[in-house]
Structures are given as C-alpha cells and as structure tokens.
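Coordinate inspection notes
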Amino acid sequence: EHLIQLCYFVLRYVTGEVAQDEPSSAGIVAGARYALEAQFIEHRILQHHETTEMLPSHEDMALRIKALVRSLKDGDKLPPDILDDQAELMDGLPIWPLIYFALRCGSPETAGVMISAFQHSQSRTQPQRVTSVDVFQPLFASWCDNSFVLGDTELKSLVREYENEVLQGPDPFQRACYLPLARLNPCNALSLPDTDYDILYSSIEDYCWMRLQCMRLEGLDPPASSDLAEYNLSLSGLQSELSGIGPEHFDPETRTPAIYAFVCIITGQFSQAIRYLAHAGNTTDRLYREDAVHMGIVLDAHHLLRISDDAPTVDDVDTGYVDWTALVWAYACDFGGRYVADAAMYIFLLRDREARTSLLRRLVDISGEDALLLGEVSAEGDREPGVFEELTDMVGDE
C-alpha cells in the first residue's frame with residue numbers, strides 16, 4: 001500500500017534528523033518535510049526532462065520543473081485565468097507554478113533561479129512593467145537571508161499584500177508561494193479560497209507539506225509579532241488540532257488505517273500511529289500489526305515512542321501512549337512453535353531489559369523449546385549455545 005510505504009520512507013528521514021538520545025520537535029519536523037520533498041521530487045519531478053548536460057543541481061531542477069508545468073499546461077490542468085493575455089509568462093509558462101513547485105521540492109535556490117530569470121526576461125521585453133514577481137522578490141530575498149523567517153515589518157507587508165492583492169487575484173500558485181514565507185497557520189491566516197485546494201493539493205502529502213512548511217518551531221523560530229501571534233502554528237498546536245479531528249475524519253470506514261497512521265507520523269504522534277495500526281491489525285488485516293511492530297522497533301530505538309505499561313489495550317486508540325511490551329509479545333505469539341527463534345529475535349529488540357527478560361522467560365515456558373532457546377550439552381560433553389546466546393552476541397547485551 002502506497003501510504004504504508006510512505007510511512008517507512010518518512011521514518012527513515014525523521015530518524016536521520018533526530019538525536020537518538022534526545023529527539024526534538026525541530027528534528028521531527030525537518031525530517032518529515034525533507035521526506036515529503038524527496039518523495040515529490042522522485043514521483044513528480046525526476047520523470048520530466050531527461051538531460052545529459054552537466055548543470056548545477058538547481059538549474060537542472062529548474063528544467064525539470066518547467067517540463068512538469070508544461071505537461072500540466074498541455075493537459076489543461078492549469079487554471080485558464082493564469083494563461084490569458086494578461087498572464088505573467090516565462091518561456092510560454094506561467095511563472096507562479098514554476099516558483100511554487102521549486103518551493104515544494106524544498107529548493108529555494110531553484111525558486112530564486114526562476115525569479116531572476118523571469119525578471120531578466122521582463123527587463124528586456126517590458127522594462128517599464130512592474131510585475132507581481134517584482135513585489136514578491138524583496139520579501140523572498142529577505143526570507144532566504146534570515147533563515148527562512150521574515151522579520152515583523154516584512155511579515156506585515158506580506159500579509160497586507162496577500163489580503164489586498166494576491167487573495168483577489170486569479171492565481172492559486174501565487175497564493176501558495178506566500179504561505180511558506182508567512183510561516184503562519186494557513187487555516188486561519190492567509191487562508192486559501194476553497195477552489196485552490198483541488199489545484200494545489202493533489203494528495204494528502206501536498207497538504208501535510210504545506211502545514212509543516214508554515215510551522216514555527218518552539219525554541220528555534222521566533223514567534224510572529226503580538227498582533228499576529230494567534231496565527232502561530234507550532235507542532236504541539238497541530239497535534240492538538242489533529243487530535244480534535246480524530247481518526248474518524250481520515251479513516252471513516254476503518255478500512256484505510258494507513259492514512260491516519262501517516263498523518264500521525266508526519267506530525268510526530270508516533271505512539272498514536274503504532275496504536276492505530278495495531279488496532280487495525282486486530283480488526284481489519286493482521287498485516288497492519290506487522291507494520292506496527294516493524295515501525296515501532298525503529299521508533300523505540302530512537303526513543304520516539306511514549307511507552308507505558310499502564311496504557312490501555314490497542315483496541316482503545318485514544319491515548320497517546322502505547323504498551324509496547326504487550327504489542328511485541330502479541331506479535332511474537334503469532335509466530336507459533338515452528339518459528340520460536342524468530343519470536344525470540346523480536347523480543348530481543350526491546351530496549352527495556354526488564355521487559356525483555358520477562359518475555360524471554362515466558363517464551364521458554366510456553367514453547368517448551370528449552371534446548372533450542374537456552375542451549376544444551378551434547379553427548380560428547382560440548383556446550384552448544386542456544387538462540388538466546390546467539391542473539392546476545394549479536395545485540396551486544398548481557
């Protein structure tokens with residue numbers, strides 16, 4: 001399933017960005033955003049414009065983005081209003097989709113290439129014309145120069161321009177370029193017209209990327225000025241918002257648990273994701289429990305699971321904690337007697353030594369495979385190690 005694969009893909013990036021002993025919201029958000037950008041590049045950008053020329057990466061990206069926009073134009077998938085006689089074009093293509101897709105790829109450098117090329121073209125053909133890009137460019141430059149956060153003066157200028165001009169205009173891609181610069185909650189500040197959503201967000205990944213891009217990270221990014229403070233979007237704020245919506249919004253018929261799990265992982269709600277997949281493993285498809293355990297192993301290794309032995313069973317999915325030991329044991333029991341060594345391997349991956357020892361003892365008791373698990377002395381008097389010893393040597397534990 002696409003979104004299950006994407007969950008693993010996101011975890012690879014998130015665990016690469018967080019410190020294993022002290023994960024931070026900044027690392028979680030950065031990893032999730034990088035994953036969504038890499039996935040977008042792989043699936044939407046790299047298939048366009050095959051070239052063998054040796055170009056700097058942002059220039060090659062610009063060529064590929066132009067090919068993407070050209071394919072959208074040729075397929076009548078761009079709003080006709082941004083292609084009329086008054087449209088701002090570069091090489092026959094509307095400029096704002098080019099800038100937006102560069103930002104969507106996580107490449108402000110490529111967006112800058114697009115802006116500079118457009119302004120250079122305009123200076124030769126219509127030197128007296130002041131374009132919407134000319135208004136945007138100083139704000140964009142300030143955003144790039146200041147760690148992608150506008151100062152109060154520039155932010156207020158951007159908000160005024162958006163409300164007075166951009167919001168009334170025909171181009172959804174222009175509006176979408178203003179949102180990342182503002183770093184405000186796009187649901188209640190610089191909000192988009194309803195008609196923009198179907199054009200800009202062709203997938204849940206696009207929507208989640210924009211929410212993450214508009215976030216201000218607590219302790220790292222400065223909050224907006226007091227008169228805009230109510231529009232700040234933090235990771236904890238987004239998590240609370242999604243908790244209020246609940247899984248029913250994303251999985252109303254309880255048939256697509258991967259959607260809610262993906263949203264939870266993208267927003268750092270890892271335990272909820274594992275619990276929901278485990279719940280689906282009990283009610284929808286046992287394979288989801290397998291995914292819950294495999295993702296949980298990675299998260300547990302990076303201290304990203306909120307673990308509690310007092311957590312309710314996985315069938316009660318409303319808590320933010322997960323009884324990780326109980327979930328691993330339930331999965332180990334699925335293996336049956338023939339695969340007791342595999343069950344032991346999963347139990348050995350528990351970080352909690354006390355819990356691990358308890359489950360290993362239970363495994364010996366219920367399996368009856370003492371010799372296989374604990375080892376034995378051969379008829380010749382040689383000590384033959386068991387599975388536990390072999391696994392101990394592999395994980396480096398006592």
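Calculation rules
Residues numbered from 1 in each chain as written. Predicted model: local features only at pLDDT ≥ 70, side-chain atom pairs only at ≥ 80, totals over all residues. Heavy atoms only, no water. 1 Å grid on protein atoms, 1.4 Å probe; cavity = no way out; pocket = protein on both sides within 12 Å on 5 of 7 lines; lining within 4 Å. Points joined across faces, edges and corners; volume = space filled by probe spheres on them. Helix = DSSP H or I, 4+ residues; strand = E, 2+ residues; numbered from the N terminus. Nonpolar A, V, L, I, M, F, W, Y, C, P; charged D, E, K, R; others polar. Axes fitted to C-alpha atoms, helices over the stretch in contact; angles between N-to-C directions. Parallel < 35°, antiparallel > 145°, perpendicular 65-115°, else oblique. Contact = heavy atoms within 4.5 Å. pLDDT = per-residue confidence, 0-100. Phe/Tyr/Trp six-rings, centres within 6.5 Å; stacked < 30°, edge-to-face > 60°. Buried < 20%, exposed > 50% of the residue type's maximum accessible area, 1.4 Å probe, protein only. Lys NZ or Arg CZ within 6 Å of the ring centre and 35° of its normal. Expected span 1.5 Å × (residues − 1).

1. Some points on empty space enclosed by the protein
Taken as a whole, this structure holds one cavity of 30 Å³ or more when the rule is applied. Of the pockets and cavities examined, the largest cavity occupies roughly 50 Å³. Along its surface, the largest cavity is lined by P186, C187, L192, Y197, Y201, Y207, M210 and R211. Among the elements that take part in the lining of the largest cavity, helix α10 (residues 204-213) stands out by supplying three residues, more than any other. Taken together, the residues of the lining of the largest cavity sort by class into seven nonpolar, no polar and one charged.

2. Re the packing of helix α1 (residues 2-17) against helix α15 (residues 286-301)
α15 packs onto α1 with a crossing angle of 5° between their chain directions and a minimal axis gap of 11 Å. By the criterion of interaxial angle, the relationship of α1 to α15 is roughly parallel. Residues I4, C7, Y8, L11 and T15 of α1 pack against Y288, D291, H294, M295, V298 and L299 of α15. Of the residues that constitute the contact of α1 with α15, the class distribution is eight nonpolar, two polar and one charged.

3. A short note on the confidence of the model for the protein chain
Averaged over all residues, the pLDDT of the protein chain equals 89, while 93% of them reach at least 70. Mean pLDDT across the elements of the protein chain ranges from a minimum in strand β3 (residues 376-377), with 85, to a maximum in helix α4 (residues 95-104), with 98.

4. Quick notes on the packing of aromatic side chains
Counted by the stated rule, this structure contains 21 aromatic pairs. Ring geometry for F136 and Y178: centres 5.2 Å apart, planes at 50°, overall tilted. Here F136, found in helix α6 (residues 132-145), pairs with Y178, found in helix α8 (residues 172-182); they are 42 residues apart in sequence, far enough to count as distant. Each member of the pair, F136 as well as Y178, carries the same accessibility label: buried. Taking 5.0 Å as the distance between ring centres and 80° as the angle between the ring planes, the aromatic pair formed by Y331 and Y346 counts as edge-to-face. Of this pair, Y331 sits in helix α16 (residues 324-333) while Y346 sits in helix α17 (residues 340-348), and the two are 15 residues apart along the sequence. Cluster of aromatic residues (ring-pair linked, three or more members): W96, F136, F140, W143, F148, Y162 and Y178. The residue whose ring lies beneath R306 is Y321, and the NZ or CZ to ring-centre distance is 4.3 Å.

5. Some words on α6
Spanning 14 residues, α6 covers 21 Å between terminal C-alpha atoms, matching the ideal 20 Å at 1.5 Å per step. Within α6 the residues assigned to the buried category are S132, V133, F136, L139, F140, S142 and W143. Looking at the buried positions of α6, the neighbouring elements they touch are α4, α5 (108-125), α7 (152-166), α8 and α10. Just downstream of α6, S147 is the residue with a positive phi angle, here 55°.

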